[in-house]
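Report on the structure
Listed below are the residues making up each chain.
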Amino acid sequence: MTVKLWQFQSKLMTLPPIPAEMKLRCCSQVQPLAMPSPKHLVPILWLTLGAALRADLTYVDATTSNTTLANGSAFNPAANGTTGNDNNWELRTGFGSDGTVIESGAEAPTENAPELKTTLTGLSPGATYRIFAYFWDTSNTTEDWNLRAGVIANPGANTLFSAADSTTELGSTAAVLASTQTFSTAPTTVLDSGSRAMLAASIGTLTADSNGKISVYLDDRNAVTSASFRTWYDGLAYEFVTPPPNNVFYVDANSSNTGRWDNQTFSPAPNGVTGADNNWETRNLGNTANVYESCAEAAENAPLLVTTLTGLSPNTRYLLYAYFWDASSGNWRIKASAKQSDINNNGTPGTATDDFLPTSLLTNFA
């Protein structure tokens, strides 16, 4: 994901929901005065504080694209209608969410299919999520469909989940009805033909890895004695719990990530150039000995800049900061916003009293 930051104003904004590209605009934005205007030193940067957009459950159906054998090998379930004790999963169609379930033990009581791994992707690295695994059970009290699920590869030994009425018989942990949960992206069905219901097994809270992934391991109940103990596995769901650690990641503004908003070539004057040239000057100061300066020698109005952040997680909120400098006896300022229209060239020529006011209400400032 790319984030562009426009620079302006000494106050920064909270961003609206982040699109695939986010921008922060900045500018010296000083009208000519009788005396030199304040400096604007702009080493720009911000922070990556991920926060999911909602806390409801997002359901993800298990498929051969996101599900493998526990060791990472390709998962190739038997075709719909396959019968017999082949110790393999079967892909059943016409049932469950999105019209498919992954089944074991329906035709042969002693079938023991291999452990599987389903991986959720596109999560915020370092963020914590509440995870559920989904399976089906019949309303028939003589049948106790079930599912093993856990966070590590543990064939035949991860926690066994079932409906509450089966926990004593199976020595299992009770799952809850999926129909009692709140989803932002829901299964296509949680009731099947009126005789089967989807259940949710709580896996716990897990932290997404550096690639924004979380994996869950699934298995049937090994050494079953009846088809009444079959497994119909359907998918996973995740719910945002906490953002990644509140770490601020500083990125220095430089010629690689900063340019002019009007797409003209950004050519800051070299260090030591003086005069009201209405341009930024590169000063050998600040972090990495580089800041962009305006209005140090004379009143001028340097062009609007845009700095771009890359490598962020799509569909994730970030709190952004723009960094600039001030002198102990000075009044140095900068405008900054993710919304260019907030920081158009405004202010009354010849006076600095309104030069740093946004053009609209402070909806994008904080």
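How each quantity is defined
- Residues numbered from 1 in each chain as written.
- Predicted model: local features only at pLDDT ≥ 70, side-chain atom pairs only at ≥ 80, totals over all residues.
- Heavy atoms only, no water.
- Helix = DSSP H or I, 4+ residues; strand = E, 2+ residues; numbered from the N terminus.
- Buried < 20%, exposed > 50% of the residue type's maximum accessible area, 1.4 Å probe, protein only.
- Areas by Shrake-Rupley, 256 points an atom, 1.4 Å probe, with all protein chains shown as cover.
- Core = buried A, V, L, I, M, F, W, Y, C linked by side-chain atoms within 4.5 Å.
- Contact = heavy atoms within 4.5 Å.
- Lys, Arg positive; Asp, Glu negative; His and termini not counted.
- Salt bridge = Lys/Arg side-chain N within 4 Å of Asp/Glu carboxyl O.
- Patch = residues over 30% accessible without salt bridge, like charges linked within 9 Å, V, L, I, M, F, W, Y side chains within 5 Å.
- Phe/Tyr/Trp six-rings, centres within 6.5 Å; stacked < 30°, edge-to-face > 60°.
- pLDDT = per-residue confidence, 0-100.

Section: the overall build of the chain
- The number of helices and strands found in the chain is 1 helix and 23 strands.
- The buried share among the 366 residues of the chain stands at 50%.
- Total accessible area on the chain stands at roughly 15900 Å², and carbon and sulfur atoms take up 51% of it.

Brief notes about the nonpolar core
- Tyr-129, Ile-131, Ala-133, Ile-203 and Leu-218 are the most contacted members of the largest nonpolar core, which totals 30 residues.
- Of all the elements in the fold, those that place two or more residues in this core are β8 (116-120), β9 (128-138), β10 (146-150), β16 (196-207), β17 (214-219) and β18 (231-242).
- Apart from residues no more than four positions distant in its own chain, Tyr-129 is found in contact with Leu-123, Ser-124, Gly-204, Thr-205, Leu-206, Ala-208, Ile-214, Tyr-238, Glu-239, Phe-240 and Val-241.
- Counting 13 residues, the second largest nonpolar core, distinct from the first, contains Leu-57, Tyr-59, Trp-145 and Ala-178.

Concerning the side chain of Lys-117
- Tracing the backbone through its elements, the reader meets Lys-117 in strand β8.
- Buried charged residue Lys-117 carries no salt bridge. Nearest counter-charge: Asp-209, at 9.2 Å.
- With residues near it in sequence (within four places) discarded, Lys-117 still touches Asn-66, Thr-67, Thr-68, Leu-69, Ala-70, Ser-215, Val-216 and Tyr-217.

So, the pattern of salt bridges
- What the rule picks out here adds up to 6 salt bridges.
- A salt bridge links Glu-103 to Arg-92, with the shortest nitrogen-to-oxygen separation between them at 2.6 Å. With a gap of 11 residues between them, Glu-103 in strand β7 (residues 100-104) and Arg-92 in strand β6 (residues 90-93) connect regions that are remote in the sequence. The burial state of Glu-103 is the same as that of Arg-92; both residues are buried.
- The shortest N-O distance in the salt bridge between Asp-192 and Arg-196 comes to 3.7 Å.

Digging into a nonpolar patch on the surface
- A grouping of Val-248, Tyr-250, Tyr-321 and Tyr-323 is seen on the molecular surface, where their side chains present a nonpolar patch of about 350 Å² in accessible area.
- By secondary structure assignment, the location of Tyr-250 is in the loop between β18 and β19 (258-260).

Describing the packing of aromatic side chains
- Counted by the stated rule, this structure contains 9 aromatic pairs.
- Ring geometry for Tyr-129 and Phe-240: centres 6.0 Å apart, planes at 75 degrees, overall edge-to-face. With Tyr-129 in strand β9 and Phe-240 in strand β18, this residue pair connects regions lying 111 residues apart in the sequence.
- The exposure class assigned to Tyr-129 is buried, which follows from its relative accessible area of 4%.

Examining the confidence of the model for the chain
- Of all residues in the chain, 75% attain a pLDDT of 70 or more, and the chain-wide mean is 78.
- Here residues 29-54 is a poorly scored stretch, pLDDT under 50, and it has 139 contacts once near neighbours within four places are set aside; other chains count.
- Taken together, the stretch residues 357-366 has pLDDT below 50 and engages in 34 contacts with residues farther than four places along the chain or on a different chain.

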